[in-house]
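Structural characterization, general
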Protein chains: 2
Amino acid sequence: MASFKKYRVDGKFSLAGIDPGETPFLEGNEDAQREALDALAIELDTLQNLLHAEGRRKLLLVLQGLDTSGKDGTIRWVFSRTSPLGVKVTAFKAPTEDERAHDFLWRCHAAAPRTGEITVWNRSHYEDVLVPVVEGTIDKDETRQRFAQINDFERLLTQTGTVIVKCMLHISKDEQRVRLQARIDEPGKQWKFALGDLEVRKKWDAYQQAYEKALAATSTDEAPWHVIPADSKRHRNLMIAQLLVKTLKGMKFSVPDADPALKGLIVE
Amino acid sequence: MASFKKYRVDGKFSLAGIDPGETPFLEGNEDAQREALDALAIELDTLQNLLHAEGRRKLLLVLQGLDTSGKDGTIRWVFSRTSPLGVKVTAFKAPTEDERAHDFLWRCHAAAPRTGEITVWNRSHYEDVLVPVVEGTIDKDETRQRFAQINDFERLLTQTGTVIVKCMLHISKDEQRVRLQARIDEPGKQWKFALGDLEVRKKWDAYQQAYEKALAATSTDEAPWHVIPADSKRHRNLMIAQLLVKTLKGMKFSVPDADPALKGLIVE
């Protein structure tokens, strides 16, 4: 297995230094890659059952990335073998009036995972240090304050039993062009397309900068960021599945011991 | 395909008249059955995508049944091919203090499906016309009133775009004995067992009666109940998967037309 080290965000991190076209976690031919992903998906299902049986901790997967970077596809394929009983997805859209009337972490806290559960956030509280930064609606001081608030919030979650995995799906501007064009040209995909996506695309460089700053400021020991080269969908899926399996294995689950009081009990 | 007619609850319904050991939806050998279930699960995934793409309606699957009747297993296998993006599960446990401080439909309404989504209720508002009836904490008048409130609530959901599928997983007392005993005897399953389950089992006949009354009183044209013979897990899964596929096909999805304004649009 390739190493995650290069893709884990630390103080000296440069987003431009990671090529979205890299595929370090792809091995063998296409069939072998598909089989590897399916095997990982099955392993994730087993590990999710252990997380549930243990009943003490939670796992939170945060997925961020620009339009068409593959957040939905990641969820579909990485969790293709997991029961919907144990995996909950929350998709954060533009905040509602009620959500805007609270602090930016309020709606996320409400969607935090329960004991024994894997929760996936499809977009997250990180939108609130990306969109307003690019749009200029918050200044540097407020951005810095939000970074600190995010780190405090995530510390609360990790200290109370949540393991946090944060992945930024990193695609190239060319690959986004191809994927947006496909949404326009293929009638069956058009419902996924919004003209606003083209406006956001025009701010590509500003978003890359905002991502770089946000990731560097919020990649902590307890809740590190990983950048996922995502021009190849299969690479993206395999890398995230590997990261989740590695993380869950590291949690070293122990199922509760057999209860001696139940020994020999016969159901009438 | 077998007919659902016999299992659809109407005015002349008798729960005892349906043998939990029946397997009308099992055809061919074990391999063929597994393949049929997988094919249905893949079809459900396709139909869920259409539900999402259409963006107008919702599907609610209500699963009820006594302990070990297979609610969790149903969710795992029927939705084994569906992305967790499109299927949300809410498991209703004994109500919290906050939930008890509201009417019994309050927490269910809050968990109603969004547009484009399939939501599964693992237990539901029907617990509130089963447990209190068996325990004698509500009288006949209040029970009748709750049935009417349930029918009103479900009418609201169906009139606002929710298709409701309600399944009662029907197991025999013998099969429950075997499954509870397995939970006691197999160390890996013990965490699923609670001594309280044996107390509930002692009230088997009272629960059968309460189920019969509740199902008869709340099986409406808009939201009918089906009784699922569930001693065979594979039969249970196949029958529910067939019912869901039939229901979703009946919704006759149409994906939004291609937008002429987007014709020829080139992404820069």
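Figured I'd write up the structure that's included with this text. All residue numbers refer to positions counted from 1 along the written sequence of the respective chain. Chain letters start at A and ligand numbers start at 1, both assigned in the order the entries are written. Reporting in this predicted model follows two pLDDT cut-offs: at least 70 for local features of residues, and 80 or more for side-chain atom pairs to be given and counted; totals over whole chains, interfaces and linings ignore these cut-offs and use all residues. Just so you know, side-chain values use all the structure's heavy atoms and leave hydrogens and water out.

Focus: the state of the cysteines
Residue and element names in this part refer to chain B.
- Counting rule for disulfides: a pair of cysteine sulfur atoms within 2.5 Å. With the rule as written, the count across this model stands at 0 disulfides over all chains.
- There is no disulfide at Cys 108, and the cysteine sulfur nearest it, in Cys 167, is 17 Å away.
- Residue class for Cys 108 comes out buried when judged on its relative accessible area of 1%.
- For every residue, the accessible area (1.4 Å probe, protein chains only) is compared with the maximum for its type, and the residue is labelled buried under 20%, exposed over 50%, or partly exposed between those bounds. The class of Cys 167 is buried, set by a relative accessible area of 0%.

With respect to the relation of the copies chain B and chain A
- We superpose the copies by least squares over the C-alpha atoms of residues that have a pLDDT of at least 70 in both of them. Of the transformation superimposing chain B on chain A, the axial component is 0.0 Å and the angular component is 180 degrees, with the fit at an RMSD of 0.0 Å. Considering both components of the superposition, the chain copies are consistent with a two-fold axis. The rotation axis passes nearest to the C-alpha of Pro 84 of chain B in chain B, at a distance of 2.8 Å.
- Comparing contact sets, 100% of the residues at the interface of chain B also lie at the interface in chain A, consistent with an isologous, same-surface contact. The contact rule is simple, with two residues in contact once any of their heavy atoms fall within 4.5 Å.

Things to note about the pairing of strand S1 (residues 58–65) of chain B
All names here are of chain B.
- Counting from the N terminus, the helices are the DSSP runs of H or I reaching at least four residues and the strands are the DSSP runs of E reaching at least two. Of all 8 residues in S1, 8 are buried; the element is thus mostly enclosed.
- Two strands are counted as paired when DSSP detects at least two bridges linking them. When S1 meets strand S3 (residues 118–122), the two strands line up parallel, connected through 5 bridges. Counterpart to Leu 60 in the pairing with S3 is Thr 119.

Brief notes about the sheet that holds strand S5 (residues 225–229) of chain A
All names here are of chain A.
- If you trace the 5 strands from one edge of the open sheet to the other, you get S2-S3-S1-S4-S5, paired in parallel fashion. In the strand order of this sheet, the two ends are held by strand S2 (87–91) and S5, each with one partner. Neighbouring strand axes in the sheet, compared pairwise and without regard to direction, differ in orientation by 20 degrees on average.
- By the bridge criterion, 5 bridges tie strand S4 (residues 162–170) to S5 in an arrangement that is parallel. Opposite Leu 169, over in S5, you have Ile 228 as the bridge partner.
- For every element, the axis is a line fit to its C-alpha atoms; helices are fit only across the contacting stretch, and the angle between N-to-C directions ranges from 0 to 180 degrees. Of the strands in this sheet, strand S1 (58–65), S4 and S5 are in contact with helix H9 (residues 204–218), which crosses S4 at around 155 degrees.

With respect to the environment of Glu 27 of chain A
Residues and elements named next belong to chain A.
- With respect to the secondary-structure elements, Glu 27 resides in the segment before helix H1 (30–54).
- Since its relative accessible area comes to 52%, Glu 27 is described here as exposed.
- In this structure the C-alpha to C-alpha distance between Glu 27 and Arg 183, which are 156 residues apart in sequence, comes to 29 Å.
- Every residue in contact with Glu 27, bar those within four places of it in the chain, is listed here: Met 1, Ala 32 and Gln 33.

With respect to the packing of aromatic side chains
All names here are of chain B.
- The criterion for an aromatic pair is that two Phe, Tyr or Trp rings (for Trp, the six-membered ring) have centres within 6.5 Å, with stacked assigned to planes under 30 degrees apart, edge-to-face to planes over 60 apart and tilted to the rest. Inspection of every chain in the model, using the stated rule, returns 6 aromatic pairs over all chains.
- Aromatic side chains Tyr 126 and Trp 225 sit 4.8 Å apart centroid to centroid with 75 degrees between the ring planes, which places their arrangement in the edge-to-face category. Taken together, the residues Tyr 126 in the loop between S3 and helix H5 (131–135) and Trp 225 in strand S5 (residues 225–229) connect sequence positions 99 residues apart.
- Judged by relative accessible area, which is 0%, Trp 225 ranks as buried.

What to know about the interface of chain B and chain A
- Taken together, the contact pairs 38 residues of chain B with 39 residues of chain A.
- Note: buried area is the sum, over both parts, of the accessible area (probe 1.4 Å) each one loses when the two are combined. Buried surface at the junction of chain B and chain A, both sides included, amounts to about 3300 Å², of which 64% is carbon and sulfur.
- Polar contact is defined as a pair of N or O atoms within 3.5 Å, subject to the rule that within protein one atom must be able to donate a hydrogen and the other to accept it, and that residues adjacent in sequence are counted only when both atoms are side-chain atoms. Here chain B is connected to chain A by 12 residue pairs in polar contact (both at pLDDT 80 or more).
- Every element with two or more residues in the side of chain B that touches chain A is listed here: helix H1 (30–54), helix H2 (71–78), strand S2 (87–91), helix H7 (173–185) and helix H8 (196–202) of chain B.
- Under the scheme applied here, ten amino acids are nonpolar (Ala, Val, Leu, Ile, Met, Phe, Trp, Tyr, Cys and Pro), four are charged (Asp, Glu, Lys and Arg), and all others, including Gly, are polar. Looking at side-chain class alone, the side of chain B that touches chain A contains 21 nonpolar, 7 polar and 10 charged residues.

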